[in-house]
Amino acid sequence: MVENDSSKTGVLLISHGSRLPYGKEVINTLADMYRKTTDYKVGVGYMEIAQPDIATAIDNLVEGTEINKIIAVPVFLAHGVHTKRDIPTILRLPVEEIDKPEKNSNKEGHNHHNHGHGHSHKHSHSHDIKKVNFDGKIVYTEPLGADSLILEIIKNRVNTAE
Ligand code: NI
């Protein structure tokens, strides 16, 4: 396991963002739980809709610190357009080719109201999106994925269902 200097390393949890409060409650609670168990400074940023956006969250995370490395964790279950394209773009990281085009690629040029995962909102495009302003290193991790810990949560839901 890599030892990161906690005075120079920040952790950013990246959540999708929603107009309803539940997503924020969950990610902020997770961030608070994490803070109690770590010396890292932990921040939260949103892909879209909610604030702070990722770039602002990184400004907040770094401000007044010596942080020169950020570990950015997409708190998404699986990869999708946001984790493969949009978030790396915001983080100024290389963007991989995405295997499949968006299902709802449209006939009207930029479709601002659907980007393939079933919710409607005006979302940012890579040409107008706010990108990070950070000189240090950004390490972008995998999403949560098919992890046995996730399975434990699923089992717990099943076992406590009546
Ligand atoms: Ni979205």
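The following refers to the structure shown. These figures come from a predicted structure and were not determined experimentally.

## A look at the overall build of the protein chain
Reasoning step 1: For the protein chain, the count of helices and strands is four helices and four strands.
Reasoning step 2: Its helices and strands taken in sequence order, the protein chain reads β-α-β-α-β-α-β-α from the N to the C terminus.
Reasoning step 3: Within the protein chain, the proportion of its 162 residues that are buried is 34%.
Reasoning step 4: Considering only intrachain contacts with a sequence separation of at least 6, the fraction spanning at least 24 residues in the protein chain is 70%.
Reasoning step 5: Entry remark: accessible area of the protein chain is about 10600 Å², with carbon and sulfur atoms responsible for 52%.

## Thoughts on the pairing of strand E2 (residues 41-46)
Reasoning step 1: Buried residues dominate E2, accounting for five of its six residues.
Reasoning step 2: Assessed by its sense of winding, the connection that carries the chain from strand E1 (residues 9-15) through helix H1 (residues 22-35) to E2 is right-handed.

## Some words on the pairing of E1
Reasoning step 1: Burial analysis of E1 places seven of its seven residues in the buried class, which makes it a mostly covered element.
Reasoning step 2: Residues Thr 9, Val 11, Leu 13 and Ser 15 line one face of E1 and the alternating positions Gly 10, Leu 12 and Ile 14 line the opposite face, and both faces are buried.
Reasoning step 3: Two strands pair when backbone bridges link them, and E1 and E2 are joined in this way by six bridges, in the parallel orientation. In the strand pairing of E2, Val 11 is matched with Val 42.

## Here we look at the sheet that holds E1
Reasoning step 1: Read from one edge to the other, the open sheet built from four strands follows the order E2-E1-E3-E4, with strand pairing classed as parallel. For this open sheet the edge positions go to E2 and strand E4 (137-140), each flanked by a neighbour on one side alone. Strand-to-strand twist of the sheet, defined as the mean angle between neighbouring strand axes without regard to direction, takes the value 25°.
Reasoning step 2: Across the sheet, helix H2 (residues 54-62) is in contact with E1, E2, strand E3 (69-74) and E4; its angle to E2 comes to roughly 165°.

## Let's talk about H2
Reasoning step 1: Every buried residue of H2 is accounted for by Ile 54, Ala 55, Ala 57, Ile 58 and Leu 61. The buried side chains of H2 occupy one side of the element, clustering within an arc of 160° when seen end-on.
Reasoning step 2: The elements touched by buried residues of H2 are E1, E2, E3, helix H3 (81-90) and E4.
Reasoning step 3: Between the side-chain oxygen of the N-cap and the backbone nitrogen of Ala 55 there are 3.3 Å, and the N-cap of H2 in question is Asp 53.

## Overview of the nonpolar core
Reasoning step 1: Formed by 19 residues in total, the largest nonpolar core has its most connected members in Leu 12, Ile 54, Ile 58, Ile 70, Leu 91, Val 132 and Ile 138.
Reasoning step 2: Taken together, the elements giving at least two residues each to this core come down to E1, H2, E3 and H3.
Reasoning step 3: Top element by residues in this core is H2. It accounts for five residues.
Reasoning step 4: If sequence neighbours within four positions are ignored, Leu 91 has contacts with Ile 54, Ile 58, Ala 72, Val 132, Ile 138 and Tyr 140.
Reasoning step 5: In this structure, Val 11, Leu 13, Ile 27 and Val 42 belong to the second largest nonpolar core, which totals 11 residues.

## A closer look at the pattern of salt bridges
Close approach of charged atoms allows side chains with opposite charge to pair.
Reasoning step 1: The tally for this structure, following the rule as stated, stands at four salt bridges.
Reasoning step 2: Across the pair Glu 96 and Lys 84 runs a salt bridge whose closest N-O atoms are separated by 3.3 Å. Of this pair, Glu 96 sits in the loop between H3 and E4 while Lys 84 sits in helix H3, and the two are 12 residues apart along the sequence.
Reasoning step 3: Residue classification places Glu 96 among the exposed positions, given a relative accessible area of 52%.
Reasoning step 4: Measuring nitrogen to oxygen at the nearest pair gives 2.7 Å for the salt bridge that ties Arg 85 to Asp 86.
Reasoning step 5: The buried category is assigned to Asp 86, whose relative accessible area is 4%.

Criteria and thresholds
- Residue numbers here run from 1 along each chain, matching the order of that chain's written sequence.
- Residues qualify for local features only when their pLDDT is at least 70, as the model is predicted, and side-chain atom pairs are given and counted only at 80 or more; totals for whole chains, interfaces and linings, by contrast, use all residues.
- Hydrogens and water are ignored here; the side-chain numbers use all heavy atoms of the structure.
- Secondary structure counts use DSSP, requiring at least four H or I residues in a row for a helix and at least two E residues in a row for a strand, with both numbered from the N terminus.
- The cut-offs for exposure are 20% and 50% of the maximum accessible area for each residue type, with area from a 1.4 Å probe on protein chains only; residues under the lower value are buried, those over the upper are exposed, and the others partly exposed.
- The contact rule is simple, with two residues in contact once any of their heavy atoms fall within 4.5 Å.
- Note on areas: these come from Shrake-Rupley sampling with a 1.4 Å probe, and a residue is covered only by the protein chains present in the view.
- Note on handedness: a crossover is taken as right-handed if, strands pointing away from the viewer, the path from the first strand over the helix to the second is clockwise.
- Two strands pair under a simple rule: DSSP has to find at least two bridges between them.
- Angles shown run from 0 to 180 degrees and are taken between the N-to-C directions of axes, each axis being a line fitted to C-alpha atoms and, for helices, limited to the stretch in contact.
- For this quantity, the arc is that covered by the directions from the helix axis to the C-beta atoms.
- Any N or O atom pair separated by 3.5 Å or less is treated as a polar contact, with the protein-specific requirement of one donor-capable and one acceptor-capable atom, and with residues adjacent in sequence counted only for side-chain atom pairs.
- Residues grouped as a nonpolar core are buried Ala, Val, Leu, Ile, Met, Phe, Trp, Tyr and Cys residues, joined through side-chain atoms within 4.5 Å.
- Salt-bridge detection follows one rule: a side-chain nitrogen of Lys or Arg within 4 Å of a carboxyl oxygen of Asp or Glu.

Read these as spatial facts, not as claims about activity.
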